[in-house]
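Notes for the structure review
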Amino acid sequence: MSRPDGPNTLELDSASLRYGHRSLWEDLDLRVRAGEFVAVLGPNGVGKTSLLRVLLGLAQLSSGRVSVLGRPPRRGSPLVGYVPQQRAVDPGLPLRGRDLVHLGLDGHRWGLVRPARGHAALVGAAIEEVDAADYADAPVGLLSGGEQQRLRVAQALVSDPALLLCDEPLLSLDLSYQRVVVDLLDGRRRRHGTTVLFVTHEINPILPVVDRVLYLAPGSWAVGAPDEVLTSETLSRLYGTSVDVLRVRGRVIVVGAPAQPDAARGEPGHAHQPAHEGDGGAS
C-alpha cells in the first residue's frame, strides 16, 4: 500500500519520555500523514501506551516536541478518537450501547451533562457505521466482547475525528471479531482519510492494511514500511541480539526477541479518555 499524500496529522521531533531514571524512548522522530495506518509494535514496557497518553494530552514529553493536527495535544479533543482494548463490563451496569457511544461526545466532562441538540443523530449515525443497531439499546454488560468492541469503535467515531488512537483493540477477541474491528477502522480511514495509530503486540491481523510500522524496543526504535522494519537485520539491531523474522503463508513470525518480564515497571497502564464506561480518569 502506498503512503497517502496530505498534511501531517501528528509530528514528534526529538521526543523523549522518561519516568524517574528510566527512559522509555529517546529522540523519537515521527511524521504521520493524513490517512495513514501506522502500527506501533514492541514488547511490554517500552512506552507504546505512554505514546498514546502523550498524544491524548494525558502525559507530557520529557523533552522534544509533539503536535497533533498542528497543535499541542489537548485532553478531550473531539478531533481525536480513542479505541481501548476490550475489557469486562459489569453485567449490572445500567449503561446501554448507545449510552456508551454517547460518552464519545461528552464523556470527558465531569458531572451531569445535558445532551446537546443533535447528539442523538450523531450517536445513531456512528452506531449505523459500525453495524451495531441491533443491540444499541441492550445493556453493554450483557453483550459479547466483539459486540462491545464494535460499540467502542462507534464511540471513537461519533465526534468525526481526524485521528484514531487504538490501544490493543484486538486483545481478547476471537479471529472473526478481530477481522471485524480491523475492517471497521480501515474502512473509516479509506472513506474519510482518518489517520489510524494502532498499538498492538500482534501484527498479522492488521498487516494487510498497514502503511508503516513504528517498532519500539528497549532503548531504541525504528520506523518504516513493514518489509523494512520487520526483518531479521532490523530487529537484531534493535534488540542487540540475534532475532529471526520468518514469513510463513503471509504471516510474520519473530523468533528470539528477548522477553521483558520486568520492563513494565515505571510505565503507566492503558491510556484512556476520562469517564468512559464509568472510569474515573486516566490510569
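Figured I'd write up the structure that's included with this text. (Residues numbered from 1 in each chain as written. Predicted model: local features only at pLDDT ≥ 70, side-chain atom pairs only at ≥ 80, totals over all residues. Heavy atoms only, no water.)

1. As for the pairing of strand 2 (residues 22-33)
Filter applied, for reference: At least two bridges found by DSSP between two strands are what make those strands a pair. Secondary structure counts use DSSP, requiring at least four H or I residues in a row for a helix and at least two E residues in a row for a strand, with both numbered from the N terminus.
Pairing analysis gives eight bridges linking strand 1 (residues 8-19) to strand 2, with the strands arranged antiparallel. Pairing of Ala15 across the sheet is with Leu28, part of strand 2. Between strand 1 and strand 2, which follow one another and run antiparallel, lie two residues, and Gly20 among them has a positive phi close to 65°.

2. With respect to the nonpolar core
Quick reminder of the rule: By convention a nonpolar core is built from buried Ala, Val, Leu, Ile, Met, Phe, Trp, Tyr and Cys residues, the set being connected through side-chain atoms within 4.5 Å. A simple rule labels every residue: compare its accessible area, found with a 1.4 Å probe on the protein chains alone, to the largest value its type can have, and call it buried under 20%, exposed over 50%, or partly exposed in between.
Within the largest apolar cluster, 51 residues are counted, with the highest numbers of intra-cluster contacts made by Ile203, Ile206 and Tyr215. A total of five residues in this core trace back to one element, the largest contributor, which is helix 4 (residues 145-157). Ranked by size, the runner-up nonpolar core spans 30 residues in total, among them Trp25, Val38, Leu51 and Leu58.

3. Concerning the pairing of strand 7 (residues 195-199)
We count it as follows: When the strands point away from the viewer, a crossover counts as right-handed if the route from the first strand across the helix to the second turns clockwise.
Within strand 7, five of the five residues are buried, which leaves it mostly tucked inside the rest of the structure. Residues of strand 7 alternate between two faces, with Thr195, Leu197 and Val199 on one and Val196 and Phe198 on the opposite face, all of them buried. By the bridge criterion, five bridges tie strand 6 (residues 163-167) to strand 7 in an arrangement that is parallel. Across the sheet, Cys166 pairs through a bridge with Phe198, a residue of strand 7. In terms of handedness, the path from strand 6 via helix 5 (residues 175-192) over to strand 7 forms a crossover that is right-handed.

4. Quick notes on the layout of surface pockets
Test applied: Only protein atoms enter the calculation, which uses a 1 Å grid: trapped sets of points that fit a 1.4 Å probe without letting it out are cavities, open sets showing protein on both sides within 12 Å along at least five of seven lines are pockets, and any residue with an atom within 4 Å of a point is a lining residue. Grid points are joined across faces, edges and corners, and a volume is the space filled by probe spheres set on the points. Residues are sorted three ways: Asp, Glu, Lys and Arg are charged, Ala, Val, Leu, Ile, Met, Phe, Trp, Tyr, Cys and Pro are nonpolar, and all the rest, Gly among them, are polar.
The computed volume of the largest pocket comes to approximately 320 Å³. In terms of residue count, the dominant contributor to the lining of the largest pocket is strand 11 (residues 251-255) (three residues). Here the lining of the largest pocket is composed, by residue class, of ten nonpolar, three polar and one charged.

5. Details of the sheet that holds strand 4 (residues 63-68)
Threshold: Angles shown run from 0 to 180 degrees and are taken between the N-to-C directions of axes, each axis being a line fitted to C-alpha atoms and, for helices, limited to the stretch in contact. Contacts are residue-level and defined by heavy atoms, with any inter-residue pair within 4.5 Å sufficient.
Overall, antiparallel pairing links the three strands, which are arranged 2-1-4 in an open sheet. In this open sheet, the two strands that pair with only one neighbour each are strand 2 and strand 4. For this sheet, the mean angle separating the axes of adjacent strands, direction not counted, is 20°. In the sheet, strand 1 pairs with strand 4 via five bridges, with the strands oriented antiparallel. When the bridges of strand 4 are listed, Leu12 appears paired with Val66. Sheet contacts for helix 1 (residues 48-55): strand 1, strand 2 and strand 4; angle to strand 1, the most-contacted strand, approximately 120°.

6. Thoughts on the pattern of salt bridges
Heads up, the rule is: Put simply, a salt bridge is a Lys or Arg side-chain nitrogen that is within 4 Å of an Asp or Glu carboxyl oxygen.
All told, the structure shown has 15 salt bridges when counted by the stated rule. Between Arg98 and Asp137 there is a salt bridge, and its shortest N-O distance comes to 2.6 Å. With Arg98 in helix 2 (residues 97-106) and Asp137 in the loop between helix 3 (119-129) and helix 4, this pair connects stretches of sequence that are 39 residues apart. Exposure remark for Arg98: the relative accessible area of 26% places this residue in the partly exposed category. For Asp137, a relative accessible area of 47% translates into the label partly exposed. Between Asp227 and Arg247 there is a salt bridge, with the nearest N and O atoms lying 3.6 Å from each other. Residue Asp227 is found in helix 6 (residues 226-229), and its partner Arg247 is found in strand 10 (residues 244-248); the two are separated by 20 residues along the sequence. Of the residues examined, Asp227 reaches a relative accessible area of 61% and is grouped as exposed. Assessed through its relative accessible area of 45%, Arg247 is described here as partly exposed. Overlapping salt bridges, with partners in common, bring together Glu11, Asp13, Arg31 and Arg65 in one network.

Shape is all these values report; function is a separate question.
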